[in-house]
Amino acid sequence: MLTIQTNYSLKQLNTFNIDVKAKYYAAPTSEDEILEILNDESLVGVPRFILGGGSNVLFTGDFDGIVIHPQIKGIEKIDEDENHIWLCAGAGVVWDIFVSYCVKNNWGGVENLSFIPGNVGAAPVQNIGAYGVEAKSTIDEVYGIYLENGEPFCLNNAECEFGYRDSVFKEELKGKAIITEVTFKLNKKPVYITHYGNVEEELTKNYSKVNVQNIRKAIITIRERKLPDPGKLPNAGSFFKNPIVPVEFAENLKQKYENMPLFASDKKHAKLAAGWLIEQCGWKGKRIANVGVHEHQALVLINYGGAEASELTKLAADIQQSVKEKFYVEVESEVNYV
Ligand code: EPU
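Description of the structure in this document. (Residues numbered from 1 in each chain as written. Predicted model: local features only at pLDDT ≥ 70, side-chain atom pairs only at ≥ 80, totals over all residues. Heavy atoms only, no water.)

### Some thoughts on the site of the ligand
Taken together, 24 residues are adjacent to the ligand, and Tyr131, Tyr164, Ser238, Glu279 and Ala298 come closest. The side chain of arginine 223 places a nitrogen or oxygen atom 3.4 Å from an oxygen atom of the ligand. Burial of the ligand by the surrounding chains reaches 82%, relative to a free accessible area of 820 Å². Contributions of two or more residues to the shell around the ligand are made by β8 (129-130), α5 (212-226), β13 (235-238) and α7 (274-280). Residue composition of the shell around the ligand, grouped by class: eleven nonpolar, six polar and seven charged. Lining the shell around the ligand are residues from two domains, each supplying at least three of them: domain 2 (75-187) and domain 3 (235-337). (Near = heavy atom within 4 Å. Polar contact = N/O pair within 3.5 Å; in protein donor to acceptor, adjacent residues only side chain to side chain. Areas by Shrake-Rupley, 256 points an atom, 1.4 Å probe, with all protein chains shown as cover. Helix = DSSP H or I, 4+ residues; strand = E, 2+ residues; numbered from the N terminus. Nonpolar A, V, L, I, M, F, W, Y, C, P; charged D, E, K, R; others polar. Domains from an automatic or database assignment.)

### Focus on the packing of helix α2 (residues 95-104) against α5
When two helices pack together, you describe them by how their axes are tilted relative to each other and by the distance separating the axes. The contact between α2 and α5 brings their axes to 8 Å, and the two run at 145 degrees. Between α2 and α5 the crossing geometry is left-handed. Along the contact surface, α2 presents Asp96, Val99, Ser100, Val103 and Lys104, while α5 presents Val212, Gln213 and Arg216. (Axes fitted to C-alpha atoms, helices over the stretch in contact; angles between N-to-C directions. Left-handed = near helix turned anticlockwise from the far one by under 90°. Contact = heavy atoms within 4.5 Å.)

### With respect to the environment of glycine 237
Of note, glycine 237 is situated in strand β13. Other than its neighbours up to four places away in sequence, glycine 237 contacts Leu299, Val300 and Leu301.

### Structural notes on the side chain of histidine 84
If you trace the backbone, histidine 84 turns up in strand β7 (residues 84-90). One polar contact links histidine 84 to asparagine 187, side chain to side chain, over a distance of 3.0 Å. Setting aside its immediate chain neighbours within four residues, histidine 84 contacts Lys185, Leu186, Asn187 and Lys188.

### Remarks on the state of the cysteines
Evaluated as defined, the whole model comprises zero disulfides. Counting only cysteine sulfurs, cysteine 154 is the nearest neighbor of cysteine 160, a cysteine outside any disulfide, at a range of 8.6 Å. (Disulfide = S-S within 2.5 Å.)

### Some remarks on unusual backbone geometry
If you check the backbone angles, asparagine 106 has positive phi at about 65 degrees while not being a glycine. Residue class for asparagine 106 comes out partly exposed when judged on its relative accessible area of 32%. With a phi angle near 50 degrees, tyrosine 131 is a residue other than glycine that sits in the positive phi range. Mapped onto the fold, tyrosine 131 is located in the loop between β8 and β9 (133-134). Tyrosine 131 sits in the buried class, given a relative accessible area of 12%. (Buried < 20%, exposed > 50% of the residue type's maximum accessible area, 1.4 Å probe, protein only.)

### So, the packing of aromatic side chains
Under the defined criterion, the tally for this structure stands at 16 aromatic pairs. Ring geometry for phenylalanine 16 versus phenylalanine 239: centroids 6.0 Å apart, planes at 55 degrees, classification tilted. You can see phenylalanine 16 sitting in the loop between β1 (5-9) and β2 (21-26) and its partner phenylalanine 239 sitting in the loop between β13 and β14 (244-246), a full 223 residues away along the chain. Per residue, the accessibility class of phenylalanine 16 equals that of phenylalanine 239, and both read buried. One cation-aromatic arrangement involves lysine 271 over tyrosine 164; the distance from NZ or CZ to the ring centre is 3.7 Å. (Phe/Tyr/Trp six-rings, centres within 6.5 Å; stacked < 30°, edge-to-face > 60°. Lys NZ or Arg CZ within 6 Å of the ring centre and 35° of its normal.)

Geometric values such as these leave the question of function open.
Following this line, the structure appears as C-alpha cells:
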C-alpha cells in the first residue's frame, strides 16, 4: 500500500545532505503506485519532482509539492543472442548494483561506469558518463509514464536524443515524464575501453589480465583516489559540465595555455576540461566556511557539514564568474537546482 508522507526530510536523500523538507513524499514501488499518485485528487495541481539517487540535485529550499522517489526494483534478462544480452532494470535499482551484476556475469558495456552514485532511472536522464563511455552506448529502451495524462511510453535509443550529459528527459520532457524501467543491451564478448586518462596505466600496474572485472576494479581505485565519498564528504560529483566551445576558440586558448587539456567533441566543437579551468582560477582545495572545492578534482563542490544551499550556489556562481573573466568561457552547472 502506497503511503504519502507529509513534511518529509530529504536530508538523507540528497548526497549534498542539504537539510530540507518536502511537503509531500512518496516512494512508489510499481507503475500502479505511480498512477495512484498521479490520480490522487488531493494532489491535483501540486508541483511534482522526481528524485532518483539524489546525487545530482541541489535542493535550494523546502519543496512545496510532492517528491516522487521511484523504488521500482529488479533486474531481469529479457532477451539474448549469440553476442548480446538484453536486461531490464527498475528505475529504483542502485546504479552500481546493476553494474556489478553485469560485471559478475562478464557482460560488457557498463564496467567503465562503475561506482557512479545514483539510480538506474537517472542514467538515461543524465546520459551518465565516465572514462570514455556513456550510458547511451548500452541503453536500448526507456520505459516510463507521462505525468500529464498517466499514459505509458517507451522510447528507443534514438528517441532519447542523447548528448553529453543530456537527453530528451532534460529537454522537451523535462518535468513531464517519470522513468520506470530501462533496458540495456550488453556484450557477451566485451570490447574493452581503456584509453581514457590513466585507466590503462592502473590496469597494467595492478592486474595481469584485462577483463571487465579488472576494469571495474581499476576504475573504482581511480575514482576513490580522485573523487570524495559522498558518505564522508557530501557532494554531487561533477558540479559543472565540461564546456563545449567552437574549435577555433579552443585552439586560440590552447596557443595561450599550452598545457590546457582539450578533447574532441564534433567537427566544429571541442570540449574543455572545466576542472582545469577552475583550478587555474585558484579554486582547487579552497574552503569557504561550510563549503569548498575538492582538493583532488576542482569540478566537485563539497558540503563540509551543515551548509545551506545558498553557500553552494554562491560558491558556484563565484567560480563561474572567475572562469568567465579569465577565459571568456561559461561553465554550466551539471547539478539540477530545485
Ligand atoms: N583536471 C585538472 N584539474 C582538476 C580536474 C581535472 O587539471 O581539478 C584536468 C585533468 O588533469 C585532465 C582533465 O582535466 O587532464 C580531465 O579530468 P578528468 O579525467 O578527471 O575528468 P573530468 O573531465 O574532470 C569527467 C566527468 C566525470 C568523470 C571523469 C572521468 C564531467 C562533467 N565529468 O570529469 O564525471 O568521472 O570525466 O571520466 O563530464 C560526474 O559526472 O559526476 C563525474 C564525476
